[in-house]
Amino acid sequence: MPEEDIRDKAYLNHKDILDLNFIRIPGIYYYRRYYREGLRSHIMEVLKPGDVENETKGIIKDGIKLYPRAEPLKMLRIFRAKFKSLKNAEEELKRVKIITTYLSPDYLAKPEEFLVNYIRGGKYEILLCGLQEYVKGEIIEPWGHLDDDHLISLLCDMGVENSIMINSQWTQKVRKNAQNFIGKIKQMIMETNHVPDLAGVGNLLFTKSGDIKLVDINNISSVSFDHTIKLDDRGYPVCDKSIEVLFLLERKLSGGASLIDTPPYRTFLAPERMKEVKAIEKAFHESMEGSMYYWPS
């Protein structure tokens with residue numbers, strides 16, 4: 001029976017990672033599947049075995065038994081994409097570099113992408129992987145409320161003490177950081193004709209420090225200001241939806257009231273185009289229902 005390609009597996013576990021030929025020192029880390037399993041990559045938490053043991057068996061603190069959740073040191077991504085050549089893989093890495101050029105660590109979960117020789121069936125294949133910074137935070141829902149009351153509720157969910165001064169300072173910082181983040185993404189779009197996926201669930205987080213972090217750069221779309229609605233390899237209109245998210249964030253977080261007639265929004269938020277995009281998005285979700293890889297956007 002042919003060896004199953006790790007990129008085609010529905011899920012991975014600790015043993016699957018240890019069996020990879022490029023994992024050189026088994027036993028130093030424990031690998032656990034992250035709850036958000038993506039369409040384009042396996043996502044694994046990189047954990048200290050001792051932390052996993054404490055989570056499982058518990059620890060005694062002040063006479064009380066606690067089960068502290070093991071916090072990842074990094075996130076390991078194994079991309080599902082299969083590359084025909086080294087050149088194709090390097091092109092994908094160049095797209096990632098665009099993001100890191102425009103977004104500082106304040107706005108991006110720092111990625112460290114790398115290519116490895118993946119041995120399968122006695123043959124070498126190119127595999128794209130990444131070790132990414134683990135970011136704790138609350139998911140940004142662009143289509144929901146982003147007023148001060150909602151922002152403060154997210155801060156409380158992160159365990160910060162509820163006080164008028166702290167709340168006020170945090171919401172102000174969030175809005176200032178949002179303005180900077182939006183400006184950098186718009187600059188990226190206009191100068192490079194590329195945009196990261198801002199629309200996927202959980203791709204953007206608020207952190208306890210008041211930063212906005214992009215934590216998923218698996219799906220980077222080219223941008224063209226014509227009437228063509230670009231679809232990614234799964235049939236999702238990621239470019240249009242990401243620019244729609246950018247517009248919502250700018251309107252709700254940085255107070256941009258009259259933006260729809262300015263670039264890059266003018267092209268992508270035209271009513272007829274948005275209607276067509278909505279129909280494409282609906283068809284995408286219907287086609288993906290029941291898929292073992294699917295995490296709805």
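An account of the accompanying structure is given in this report. Since we're looking at a predicted model, the values are computed, not measured.

**Some words on the overall build of the protein chain**
Here is step 1 of the chain: A count of helices and strands for the protein chain gives 8 helices and 12 strands.
Here is step 2 of the chain: Here the protein chain has a C-alpha radius of gyration of 21 Å; the compact-globule value for 297 residues is 19 Å, and the two agree.
Here is step 3 of the chain: With the principal axes as the frame, the protein chain shows a C-alpha extent of 55 × 55 × 35 Å.
Here is step 4 of the chain: Looking at the protein chain as a whole, 47% of its 297 residues qualify as buried.

**Remarks on the pairing of strand E2 (residues 41-47)**
Here is step 1 of the chain: Of all 7 residues making up E2, 7 are buried, and the element is well covered by its neighbours.
Here is step 2 of the chain: Alternating positions in E2 separate into two faces, Ser-41, Ile-43, Glu-45 and Leu-47 on one and His-42, Met-44 and Val-46 on the other, with burial throughout.
Here is step 3 of the chain: Strand direction decides the pairing type here: E2 and strand E5 (residues 74-79), joined by 6 bridges, are antiparallel. When the sheet's bridge partners are listed, His-42 is paired in E5 with Ile-78.

**Comments concerning the nonpolar core**
Here is step 1 of the chain: Leu-103, Phe-181, Ile-185, Leu-204, Phe-206 and Leu-214 are the most contacted members of the largest nonpolar core, which totals 49 residues.
Here is step 2 of the chain: Among the elements of the structure, helix H3 (86-102), helix H4 (148-157), helix H5 (164-192), strand E10 (204-206), strand E11 (212-214), helix H6 (238-253), helix H7 (265-268) and helix H8 (271-288) are those that each provide at least two residues to this core.
Here is step 3 of the chain: The dominant element in this core, judged by the number of residues it contributes, is H6, at 9 residues.
Here is step 4 of the chain: The contacts of Leu-214, once residues within four sequence positions are left out, are Ile-99, Leu-103, Tyr-107, Leu-108, Ala-109, Phe-181, Pro-196, Asp-197, Leu-198, Asn-203 and Leu-204.

**As for the sheet that holds E2**
Here is step 1 of the chain: Here 5 strands make up an open sheet; going across it, the order is E1-E2-E5-E7-E6 and the pairing antiparallel. The outermost strands of the open sheet, each flanked by one partner alone, are strand E1 (30-33) and strand E6 (111-120). Strand-to-strand twist of the sheet, defined as the mean angle between neighbouring strand axes without regard to direction, takes the value 30°.
Here is step 2 of the chain: With 4 bridges joining them, E5 and strand E7 (residues 123-132) adopt antiparallel strand pairing. Along E7, the bridge assignment pairs Leu-76 with Leu-131.
Here is step 3 of the chain: Where H3 meets the sheet, it contacts E6 and E7, and its direction lies at approximately 165° from that of E6.

**Things to note about the packing of aromatic side chains**
Here is step 1 of the chain: Scanning the entire structure with this criterion turns up 6 aromatic pairs.
Here is step 2 of the chain: Judged by centre distance (6.1 Å) and plane angle (50°), the rings of Tyr-107 and Phe-181 are tilted. With Tyr-107 in the loop between H3 and E6 and Phe-181 in helix H5, the pair connects residues that are 74 residues apart, well separated along the chain. Each member of the pair, Tyr-107 as well as Phe-181, is classed as buried.
Here is step 3 of the chain: The lysine or arginine in question, Arg-33, covers the ring of Tyr-11, its NZ or CZ lying 4.1 Å from the ring centre.

**Digging into the pairing of E6**
A regular strand carries its side chains on alternate faces of the sheet.
Here is step 1 of the chain: By the bridge criterion, 10 bridges tie E6 to E7 in an arrangement that is antiparallel. Paired with Glu-113 across the strands is Gly-130, a residue of E7.
Here is step 2 of the chain: Linking E6 back to E7 in an antiparallel pair, the connection comprises 2 residues, with Gly-121 at a positive phi of about 60°.

**Structural notes on the packing of H5 against H6**
Here is step 1 of the chain: Between H5 and H6, the shortest axis-to-axis distance is 10 Å and the interhelical angle comes to 150°. As summarised for this structure, H5 and H6 are arranged roughly antiparallel, according to the angle between their axes. The crossing of H5 and H6 is left-handed. Contacts from Arg-175, Ala-178, Ile-182, Ile-185, Lys-186 and Ile-189 in H5 reach Ile-243, Leu-246, Leu-249, Glu-250, Lys-252 and Leu-253 in H6.

**Side note on the environment of Gly-183**
Here is step 1 of the chain: Take Gly-183: it is sitting in helix H5.
Here is step 2 of the chain: On the accessibility criterion, Gly-183 (37% relative accessible area) is partly exposed.
Here is step 3 of the chain: Sequence separation between Gly-183 and Leu-246 is 63 residues, and the spatial gap between their C-alpha atoms is 9.7 Å.

Reading the values: rules and limits
By convention here, each chain's residues receive numbers from 1 onward along its written sequence. Local features are withheld for residues below a pLDDT of 70 in this predicted model, meaning they are given only at 70 or higher, and side-chain atom pairs are given and counted only at 80 or more; totals for whole chains, interfaces and linings count all residues. Values shown for side chains rest on all heavy atoms present in the structure; no hydrogens or waters enter the calculation. Helix numbers and strand numbers start at the N terminus; a helix is a DSSP run of H or I with at least 4 residues, a strand a run of E with at least 2. Radius of gyration: C-alpha atoms only; globule rule: 2.2 Å multiplied by the number of residues to the exponent 0.38. Each residue is assigned to one of three classes by its accessible area relative to the maximum for its type, calculated with a 1.4 Å probe on protein chains only: buried under 20%, partly exposed between the two thresholds, exposed over 50%. Paired strands, in this sense, are two strands between which DSSP finds at least two bridges. We define the nonpolar core as a collection of buried residues of types Ala, Val, Leu, Ile, Met, Phe, Trp, Tyr and Cys that are connected through side-chain atoms lying within 4.5 Å of one another. We call two residues in contact whenever any of their non-hydrogen atoms come within 4.5 Å of each other. Axis angles are defined between N-to-C directions and span 0 to 180 degrees, where every axis is a line fitted to C-alpha atoms and, for a helix, only to the segment in contact. In this scheme Phe, Tyr and Trp rings, the latter by its six-membered ring, pair at centre separations within 6.5 Å, and the angle between planes marks the pair as stacked below 30 degrees, edge-to-face above 60, and tilted otherwise. Only Lys NZ and Arg CZ are tested; either one counts as a charge over a ring when it is within 6 Å of the ring centre and within 35 degrees of the ring normal. When describing relative orientation, an angle under 35 degrees is termed roughly parallel and one over 145 degrees roughly antiparallel, while 65 to 115 degrees is termed roughly perpendicular and anything else oblique. Take the far helix as the reference: if the near one is turned anticlockwise from it by less than a right angle, the crossing is left-handed, and if turned clockwise, right-handed.

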